[in-house]
Amino acid sequence: MIDLPGIGAYTLRERTAWPVPATPATSRIVYAAAHVVADPLGDNTPGSPAAVDWDATLRFRHHLWSHGLRIADAMDTAQRNMGLDWAATKELIRRSAAEARTVGDPATLVACGAGTDHAPGAADLNTITAAYAEQIETVQQAGAGVIVMASRQLGKVATGPQDYHQVYGKLFGLADRPVILHWLGEMFDPQLAGYWGSRDVAAATESFLELIHAHASMVDGVKVSLLDEEHEVGLRAALPEGVKLYTGDDFNYPSLIKSGSHALLGIFDAIAPAAAAALHALDAGDLDRYDEILAPTVPLSRKIFETPTYNYKTGIVFLAWLNGHQDAFAMVNGAQSARSLVHLSEVFRLADQAGLLSDQELAVRRMKALLAVNGL
């Protein structure tokens, strides 16, 4: 039992022992967007260059691979645009792809985000295209797949859909294999409001689909994070044959995956053991078991991703710390302070309810230490 602020006396449920699958699930392609582990002795105060614990960061990637998940690296879950600078991002891409070679083909096991965040002053389409090109080259040289991330700089400069089509059209010509396109909603990054040329989602979707249909042979899939299940189902149906929809909906992922979406999710960083078990149940056609496993993870995910949604990384790292994947509850840019103690206490409770505290004694001990540091 543990006393949790905002909750009171809480008795943990019986521990769930999730099996480690012998092989990955096959009915869906699933990426977990992975976080980075900050060096607790580094200067990770806001505005400082990111100091990363590389050993722990790579160990965590092996944890995800062991459950049969692919990894989407150097994404927003890794704190792109929120503290992970380009120097650390390049090192992460290189190290993650190199580590994947010890397991299998890095082009299959890892896809990395390529954006324009190293060029915050880019003020015209040519400069933005060049910034994208540099990051795409970095990912491809490492041997990983490419995820073309939404660009804050392009969002500022673009005057309409034609500017997005011009830039992305050039990027497809630089790719050595089909890429994943990333549509990140403004709830994840307010600076991306109006991406694809309109604040009207229907108009933006029309622009997005026009681009994809024009370059379908170079689009492996699209990762959509708009937290709108109805929109995603409609978009999925409108994609060209062979282009996948990777759900990025951390609120509605069980039903979307069940109905046909693949996945690229930040929450899978935190719920990998349960996600893997659910996907194997889906492979077996056991939909009741699939629902049974994932249903209790949804309240946990909705808590972690509650408004302001972009602070979800704090809950992800908090659970990695509780589960012993890292030695300190520390984040680059000091982001561990982005959620309240009451919020984290509810994350603790919901993780336990979902069977996702792998070592309950360790989790309780660490939670009590955090409470004590905060005067409780």
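> I'd like to hear about the packing of helix H1 (residues 54-66) against helix H2 (residues 86-100), residue by residue, with values.
Between H1 and H2, the shortest axis-to-axis distance is 11 Å and the interhelical angle comes to 45°. Taken together, the axes of H1 and H2 are oblique relative to one another. Handedness of the H1/H2 crossing: right-handed. From H1, Trp-54, Thr-57, Leu-58, Arg-61, His-62 and Trp-65 reach across to H2, where they touch Ala-88, Glu-91, Leu-92, Arg-95, Ser-96, Glu-99 and Ala-100. Considered class by class, the residues forming the contact of H1 with H2 number six nonpolar, three polar and four charged.

> So what's going on with the packing of helix H6 (residues 161-174) against helix H7 (residues 201-214)? Residues and values would help.
Contact pair H6 / H7: the axes reach a minimum separation of 10 Å and the direction vectors enclose 30°. What the angle tells us is that H6 and H7 run roughly parallel. Helix-helix and strand crossings are classified by hand; for H6 and H7 the assignment is right-handed. For the pair formed by H6 and H7, the contact residues are Pro-161, His-165, Tyr-168 and Phe-172 on the first element and Ser-207, Glu-210 and Leu-211 on the second. For the contact of H6 with H7, the residue count by class is four nonpolar, two polar and one charged.

> For the environment of Ser-96, give the residues involved together with the corresponding values.
Residue placement: Ser-96 occurs in helix H2. In this structure the C-alpha to C-alpha distance between Ser-96 and Tyr-246, which are 150 residues apart in sequence, comes to 21 Å. Here Asp-73 takes part through its side chain, which lies 2.7 Å from a polar atom of the side chain of Ser-96.

> Hey, could you go over the pairing of strand E5 (residues 110-114) for me, with residue numbers and the actual values?
With respect to burial, E5 is a largely interior element, five of its five residues being buried. Neither face of E5 is exposed, since Val-110, Cys-112 and Ala-114 on one face and Ala-111 and Gly-113 on the opposite face are all buried. Sheet topology places strand E4 (residues 70-73) next to E5; three bridges connect them, and they run parallel. The residue bridging Ala-72 from the neighbouring strand is Ala-111, located in E5. Note: E5 against strand E6 (residues 145-148), four bridges, orientation parallel. By the bridge assignment, Ala-114 is partnered in E6 with Val-148. Following the chain from E5 across helix H4 (residues 125-142) to the adjacent parallel E6, one finds a crossover that is right-handed.

> Describe the nonpolar core, listing the residues and the values that go with them.
By size, the foremost hydrophobic cluster in this structure holds 126 residues, and its most contacted members are Tyr-168, Leu-181, Ile-267, Phe-268, Ile-271, Phe-318 and Phe-348. In this structure Ile-271 touches Tyr-253, Leu-294, Thr-297, Leu-300 and Leu-356, once residues within four positions along its chain are discounted. Grouped together as the second largest cluster of nonpolar side chains are eleven residues, Ile-29, Ala-33, Ala-72 and Leu-264 included.

> How would you explain the sheet that holds strand E10 (residues 262-265) if you had to name every residue and give the values?
Sheets are built from strands paired through backbone hydrogen bonds, the pairs being either parallel or antiparallel. Here eight strands make up a closed barrel; going around it, the order is E3-E4-E5-E6-E7-E8-E9-E10 and the pairing parallel. Between one strand and the next, the sheet's axes are offset by a mean angle of 25°, whatever the strand orientation. Note that strand E3 (residues 30-33) and E10 share three bridges and pair parallel. Note that in E10 the partner of Ala-32 across the bridge is Leu-265.

Parameters at a glance
- Counting of residues starts from 1 at the beginning of each chain's written sequence and follows it residue by residue.
- Local features are withheld for residues below a pLDDT of 70 in this predicted model, meaning they are given only at 70 or higher, and side-chain atom pairs are given and counted only at 80 or more; totals for whole chains, interfaces and linings count all residues.
- Think of the side-chain values as coming from all heavy atoms in the structure, minus any hydrogens and water.
- The axes used here are C-alpha line fits, helices contributing only the stretch in contact, and every angle between their N-to-C directions lies in the interval 0 to 180 degrees.
- The secondary structure listing takes helices from DSSP runs of H or I that are at least 4 residues long and strands from runs of E that are at least 2 residues long, numbered from the N terminus.
- Here the angle decides the label: under 35 degrees means roughly parallel, over 145 means roughly antiparallel, 65 to 115 means roughly perpendicular, and every other value means oblique.
- Take the far helix as the reference: if the near one is turned anticlockwise from it by less than a right angle, the crossing is left-handed, and if turned clockwise, right-handed.
- What makes two residues a contact is simply this: any of their non-hydrogen atoms within 4.5 Å.
- In the scheme used here, Gly and all other residues not listed as nonpolar or charged are polar, with Ala, Val, Leu, Ile, Met, Phe, Trp, Tyr, Cys and Pro taken as nonpolar and Asp, Glu, Lys and Arg as charged.
- Pairs of N or O atoms within 3.5 Å make up the polar contacts considered here, provided that, within protein, one atom can donate a hydrogen while the other can accept it, and that residues adjacent in sequence are counted only when both atoms are side-chain atoms.
- Partly exposed describes any residue whose relative accessible area lies between the buried limit of under 20% and the exposed limit of over 50%, with all areas from a 1.4 Å probe on protein chains only and scaled to the type maximum.
- We call two strands paired when DSSP finds no fewer than two bridges between them.
- The handedness rule is simple: strands pointing away from the viewer, and a clockwise path from the first strand over the helix to the second, make the crossover right-handed.
- Each nonpolar core is a collection of buried residues, namely Ala, Val, Leu, Ile, Met, Phe, Trp, Tyr and Cys, held together in the definition by side-chain atoms within 4.5 Å.

It is worth stressing that arrangement in space is one thing and function is another; only the former is reported here.
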